[in-house]
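Single-letter residue listing:
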Amino acid sequence: MGKNARQSGAVSLFAVIFGAMLLTIVTIGFIKLMIMDQRQSSNNDLSQSAYDAALAGVEDAKRVVRAAQTGNIQAAGVLNGPINCNMVAASGVVGGSSSGETIIKTGTDAGKKFDQAYTCVKITMKSQDFIYKSIEEKSQIVPLRATGSFNKISIEWYRRDDESNLNGANAANTEISTSGDLPTKNNWNANSPQLMRVQLINPGSTFNLAALDSTGVTSFLRPNVLRSDVASQNGTAVSGKISDHPRATDGNEHNNGTSVVSCSKTFKFSGEYSCKAVIDVDEIPAGSETALLRLLPIYKGGSVKISLQKTDGTIVNFDGVQPIVDSTGRASDLFRRVEARLQIGDDFAYPNNAVELKNSLCKDFSVSGGGSATAGRCKP
């Protein structure tokens, strides 16, 4: 009888031990998960804080560029000098450490409390390309001011991650529809690149109104997504010379057809763009202040990249057209680095036409020798 009682007690003891071990394991597991979640949350907060600090560096860089544009000699000297991490402080526009990091302050000692700072801000006024996100039926004016002369303009457009590319799919094949009239917007494939209207304005250093009628060149770049994809990175050659595209103001009739551009269904150009056109133009000298490129996307918007080249394909940098800011922010011991493109000038909505009407337009002409005109019947 006593022996059985002792055996029953041993079983209970083992049950308690195993139960305690199981409870300990579960508790340790929960604690580990809590610590991991807390660490992840802390890292996320630090990452966002470091990103915010980097953006603060970008904003200060904007102030430096703006100061240089408005006549600040010290800021202009910094932007034209060597590129280094202390350009913002050296400009004298924004207070900060001339060597080392600049503490971000949102209040009294706030930067020290959150340990936020930007450690390095570099401003590059000469960029290899001009990048922007085009909006349907909205013009973008790009000054063709460069560090050297050039006679080719490369235009690449439409990326896989563009909002206008539904579901990020491959570009839709359009080989069967590149001739004849353009389709309506409703019939333009949702995964096809946009059609680009490209206008080159290059009247020279001195010009008058009459000269503008004989120097502008306009091309309509119609995308043609190939079934077999593109074979090289060269892109489609398009003539943008005045001799090949005379203005209709010369009194003659001219063909206003599109230039078909071969596009990649897998976005091969520069590793991310579907279409690429290389436009041959009459040579534009370095530092031109009157040469402009006007782009208008039709059917949809999307990413666009423009670069300038010499005959042999050598890239010529833009000069002060789209400055690049490389900013590194810090929060505690975590760093974030961002690159931003600065928009020079106002975001002005340039008109696409002289007159825009919802209904039809008609005109009445009346010629009278008696000094009075007869009202017409025109009802627009």
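Everything here concerns the structure above.
About the thresholds
Residues numbered from 1 in each chain as written. Predicted model: local features only at pLDDT ≥ 70, side-chain atom pairs only at ≥ 80, totals over all residues. Heavy atoms only, no water. Helix = DSSP H or I, 4+ residues; strand = E, 2+ residues; numbered from the N terminus. Buried < 20%, exposed > 50% of the residue type's maximum accessible area, 1.4 Å probe, protein only. Contact = heavy atoms within 4.5 Å. Areas by Shrake-Rupley, 256 points an atom, 1.4 Å probe, with all protein chains shown as cover. Disulfide = S-S within 2.5 Å. Salt bridge = Lys/Arg side-chain N within 4 Å of Asp/Glu carboxyl O. Pairing = 2+ DSSP bridges. Arc of directions from axis to C-beta. Polar contact = N/O pair within 3.5 Å; in protein donor to acceptor, adjacent residues only side chain to side chain.

Peer 1: Quick one: what's the story with the overall build of the protein chain, residue by residue and with numbers?
Peer 2: Counting its regular elements, the protein chain contains five helices and 15 strands. Among the 380 residues that make up the protein chain, the fraction classed as buried is 36%. Put simply, 77% of the contacts in the protein chain that link residues at least 6 apart link residues at least 24 apart. Accessible area for the protein chain stands at about 22,300 Å²; split by element, carbon and sulfur atoms hold 52% of it.

Peer 1: Just give me the short version of the state of the cysteines, but keep the residues and values in it.
Peer 2: The final tally for this structure, using the stated rule, is two disulfides. Disulfide partner of Cys85: Cys120, at an S-S distance of 2.0 Å. One disulfide, between Cys85 and Cys120, carries an S-S torsion of -75° and so falls in the left-handed class. Residue Cys85 is located in the loop between helix H2 (73-80) and helix H3 (87-91), and its partner Cys120 is located in strand E2 (residues 116-127); the two are separated by 35 residues in the primary sequence. Residue classification places Cys85 among the partly exposed positions, given a relative accessible area of 32%. Classification of Cys120 as buried rests on a relative accessible area of 11%. Each disulfide pairs two cysteine sulfurs, and for Cys263 the partner residue is Cys275, the sulfurs being separated by 2.0 Å. Here Cys263 and Cys275 share a disulfide; its torsion about the S-S bond, 110°, makes the bridge right-handed. Pair noted here: Cys263 is in strand E9 (residues 259-263) and Cys275 is in strand E10 (residues 273-284), with a separation of twelve residues, a long-range link. Overall, the relative accessible area of 0% leaves Cys263 in the buried class.

Peer 1: Before we move on, can you summarise the pattern of salt bridges with the specific residues and values?
Peer 2: Scanning all chains against the criterion turns up 13 salt bridges. With its nearest N and O atoms 3.2 Å apart, the salt bridge here joins Glu59 to Lys62. Residue Glu59 and its partner Lys62 are located together in helix H1 (residues 2-69), separated by three residues, close to a single helical turn. One salt bridge connects Glu136 with Lys185, and the closest N-O pair in it is separated by 2.7 Å. In this pair, Glu136 is assigned in the loop between strand E3 (130-134) and strand E4 (140-143) and Lys185 in the loop between strand E5 (150-159) and strand E6 (195-201), connecting sequence segments 49 residues apart. Residue classification places Glu136 among the partly exposed residues on the basis of a relative accessible area of 29%. When its relative accessible area of 48% is taken as the criterion, Lys185 is described as partly exposed. Taken together, the shared-partner salt bridges in this structure form one network comprising Glu101, Asp115 and Arg330.

Peer 1: Please provide a residue-by-residue account of unusual backbone geometry, values included.
Peer 2: Even without a glycine there, the phi angle at Ser270 is positive, about 55°. Overall, Ser270 belongs to the partly exposed group, its relative accessible area being 38%. The residue Tyr299 is not glycine, and still its phi comes out positive at about 85°.

Peer 1: Outline the sheet that holds strand E1 (residues 102-103), listing residues and values.
Peer 2: Strand order in this open sheet of four strands is E1-E2-E14-E15, and the pairing throughout is antiparallel. Across the chains shown, the open sheet's two edge strands, defined by having one partner strand only, are E1 and strand E15 (334-341). Sheet topology places E2 next to strand E14 (residues 318-331); ten bridges connect them, and they run antiparallel. Each bridged residue has a counterpart across the sheet, and for Thr124 the counterpart in E14 is Ile324.

Peer 1: I'd love a proper account of the environment of Ala286, names of residues and values included.
Peer 2: Looking at the element boundaries, Ala286 is found in the loop between E10 and strand E11 (292-298). Accessibility expressed as a relative area gives 44% for Ala286, which makes it partly exposed.

Peer 1: Would you mind going over the pairing of E9 in detail, with residue names and values included?
Peer 2: Alternating residues of E9 divide into Ser259, Val261 and Cys263, all buried, and Val260 and Ser262, none buried. For strand E7 (residues 217-225) and E9, the ladder comprises five bridges, and the chain directions are parallel. Looking at the pairing, Val225 lines up with Cys263 of E9.

Peer 1: Describe H2, and please don't skip the residues or the numbers.
Peer 2: Where H2 is concerned, the buried positions are Ala75, Val78 and Leu79. Buried residues of H2 fall within an arc of 95° about the axis and therefore sit on the same side. Opposite the buried face of H2, at more than 90 degrees from it, the exposed residues are Ile73 and Asn80. For H2, the N-terminal capping position is held by Asn72, with its side-chain oxygen 3.1 Å away from the main-chain nitrogen of Gln74.

Peer 1: Give a detailed account of the environment of Glu272, specifying residues and quantitative values.
Peer 2: Among the structural elements, Glu272 can be located in the loop between E9 and E10. Judged by relative accessible area, which is 30%, Glu272 ranks as partly exposed. In this structure, the C-alpha to C-alpha distance between Glu272 and Trp157, residues 115 residues apart in sequence, is 9.0 Å.

Peer 1: Which residues make up the environment of Arg337, and what values do they have?
Peer 2: With respect to the helices and strands, Arg337 occurs in strand E15. According to the relative accessible area criterion, Arg337 is exposed, its value standing at 62%. Each C-alpha atom of the pair Arg337 and Leu55 lies 9.1 Å from the other, and the pair is 282 residues apart in sequence. Sequence-distant contacts of Arg337, that is, excluding residues within four places in its chain, are made with Asp326, Ser327 and Thr328. A polar contact of 2.5 Å, which involves the side chain of Arg337, links it to the side chain of Asp326.

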